[in-house]
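Structure at a glance
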Amino acid sequence: MADRKKITLPVLRNRKKNNKKISWITAYDFATASFAEEAGIDMILVGDSGGMTMMGKPSTISVTMDEMVMFTSSVLRGVKTCFVVADMPFMSYQVSNEDAVRNAGRLMALGSDAVKLEGGKEMATRIKAITDAGIPVVSHLGLTPQSLSQLGGYRVQGRSLTSFKNLLQDILAVEKAGAAFHLLECVPEEVTAEIYKHVKNPLYGIGSGRNVDGQLVISHDMLGLFVGDVDPKFVKKYANLSKIIKETFSSYIDDINNNEFPKEEHLYSIDGEDLKKIQDFRRVLGLCK
Ligand code: KIV
């Protein structure tokens, strides 16, 4: 979007105030980030889901800071105005406030606008430490993939009174600790609506219904590019790029086998005189009969 101004935290807060929703997708590479910028997407999450979507890892648990730095710097080269949130990978913030601030700082030094970390009240001191260092933090609650083992798999959260109470306490604790905005994953729409009433800062959802300030979707899911068994019900599939890619590769193979590629229009030309000189030179060297 050529004439759009940079999306900043005040812009996001204003959108909430004016009841205007934001669009948020994940990206991990320069090309996708450039297309998102051109299409007018508001926010990009450089998610640790990149370990699964881009690297074929079975979960996000083994994603490293170095991998997140590579994904994040690639995305940042493709955007001008999108608000970019970089994910803090597993064990980059859990151990100590010092680790958390140092690693958040590393992602911010690349040019990110905020960092995201998973967890509720138990992460409040981390969120405060990072925020006190001048870094906006996005809280991620509900289904938190870095705790998949603890949660017992990809399960909808907030379906009981106990689970709702925990979610509410968590979101209030992280907001008090300074979280700039929140992401709620895989929570029933009605429960999200109850939580929404209690938070001041923007609340965005992924698989948490419509009662939020904007939606996040993993780009590989909406584009039909994800390889694997994870197939969330909440995703609307806007394209089937894997089908297009496979068909394209098959056509390429057929063209090669049938001498249909390359054709005349794919060849570089050479001046006849120069070609003759090359052929004569080869003869002088005795390279041809
Ligand atoms: O890494 C990611 O893409 C995420 C989403 C699942 C919210 O954290």
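So, here is what we can say about the structure in this document. Every value quoted in this text rests on a predicted model; they were computed, and no experiment measured them.

A short note on the layout of surface pockets
Space inside the largest pocket adds up to approximately 690 Å³. If you go around the largest pocket, you meet 39 residues; those closest to its centre are Leu-143, Glu-185, Cys-186, Pro-232 and Phe-234. Mapped by element, the contributors of at least two residues to the lining of the largest pocket are α3 (50-53), β4 (114-118) and β6 (181-185). Residue composition of the lining of the largest pocket, by class: 18 nonpolar, 10 polar and 11 charged. Approximately 480 Å³ is the volume attributed to the second largest pocket. What lines the second largest pocket is a set of 22 residues, among which Gly-119, Glu-122, Thr-144, Ser-147 and Gln-150 lie closest to the centre. Listing elements by their share of the lining of the second largest pocket, those giving two or more residues are β5 (137-142), α7 (148-151) and α8 (161-177). At four residues, the largest contribution of residues to the lining of the second largest pocket is made by α8.

Some details on the pattern of salt bridges
All told, the structure shown has 17 salt bridges when counted by the stated rule. Close ionic contact of Asp-99 with Arg-102 constitutes a salt bridge, the shortest N to O distance being 3.6 Å. Note that Asp-99 and Arg-102 are positioned in helix α5 (residues 97-109) at a spacing of three residues, about one turn of the helix. The closest approach of N and O atoms between Lys-128 and Asp-132, which form a salt bridge, is 2.7 Å. Here Lys-128 pairs with Asp-132, and both are found in helix α6 (residues 124-132), just four residues apart, close to one helical turn. Judged by relative accessible area, which is 43%, Lys-128 ranks as partly exposed.

Quick word on the pairing of β6
Buried residues dominate β6, accounting for five of its five residues. Going residue by residue along β6, you find Phe-181, Leu-183 and Glu-185 tucked away on one face and His-182 and Leu-184 tucked away on the opposite face as well. In this fold, β6 hands off to helix α9 (residues 189-196), which returns the chain to strand β7 (residues 203-206); that crossover is right-handed.

Overview of the site of the ligand
Around the ligand sit Thr-26, Leu-45, Gly-47, Asp-48, Ser-49, Asp-87, Lys-116, His-140, Leu-183, Glu-185, Leu-216 and Ile-218, and that is every residue in its neighbourhood. At 2.8 Å from an oxygen atom of the ligand is found a side-chain nitrogen or oxygen belonging to Asp-48. Here Asp-87 contributes a side-chain N or O atom positioned 3.0 Å from an oxygen atom of the ligand. In isolation the ligand has 260 Å² of accessible area, and contact with the protein removes 96% of it. With respect to the pocket detection grid, the ligand is positioned in the largest pocket. Of the residues contributing to the shell around the ligand, the split by class is four nonpolar, four polar and four charged.

Thoughts on the nonpolar core
By size, the foremost hydrophobic cluster in this structure holds 50 residues, and its most contacted members are Ile-44 and Ile-130. Dropping the residues within four chain positions of it, Ile-44 is found in contact with Trp-24, Ile-25, Ala-27, Ala-33, Ala-36, Val-75, Val-79, Cys-82, Phe-83, Val-84 and Val-85. Counting residues in each nonpolar core, the second largest holds 17 residues, with Ile-7, Val-85, Ala-114 and Val-138 among its members.

Criteria and thresholds
Residues numbered from 1 in each chain as written. Predicted model: local features only at pLDDT ≥ 70, side-chain atom pairs only at ≥ 80, totals over all residues. Heavy atoms only, no water. 1 Å grid on protein atoms, 1.4 Å probe; cavity = no way out; pocket = protein on both sides within 12 Å on 5 of 7 lines; lining within 4 Å. Points joined across faces, edges and corners; volume = space filled by probe spheres on them. Helix = DSSP H or I, 4+ residues; strand = E, 2+ residues; numbered from the N terminus. Nonpolar A, V, L, I, M, F, W, Y, C, P; charged D, E, K, R; others polar. Salt bridge = Lys/Arg side-chain N within 4 Å of Asp/Glu carboxyl O. Buried < 20%, exposed > 50% of the residue type's maximum accessible area, 1.4 Å probe, protein only. Right-handed = clockwise from strand over helix to strand, strands pointing away. Near = heavy atom within 4 Å. Polar contact = N/O pair within 3.5 Å; in protein donor to acceptor, adjacent residues only side chain to side chain. Areas by Shrake-Rupley, 256 points an atom, 1.4 Å probe, with all protein chains shown as cover. Sits in = over half its atoms within 2 Å of the grid points. Core = buried A, V, L, I, M, F, W, Y, C linked by side-chain atoms within 4.5 Å. Contact = heavy atoms within 4.5 Å.

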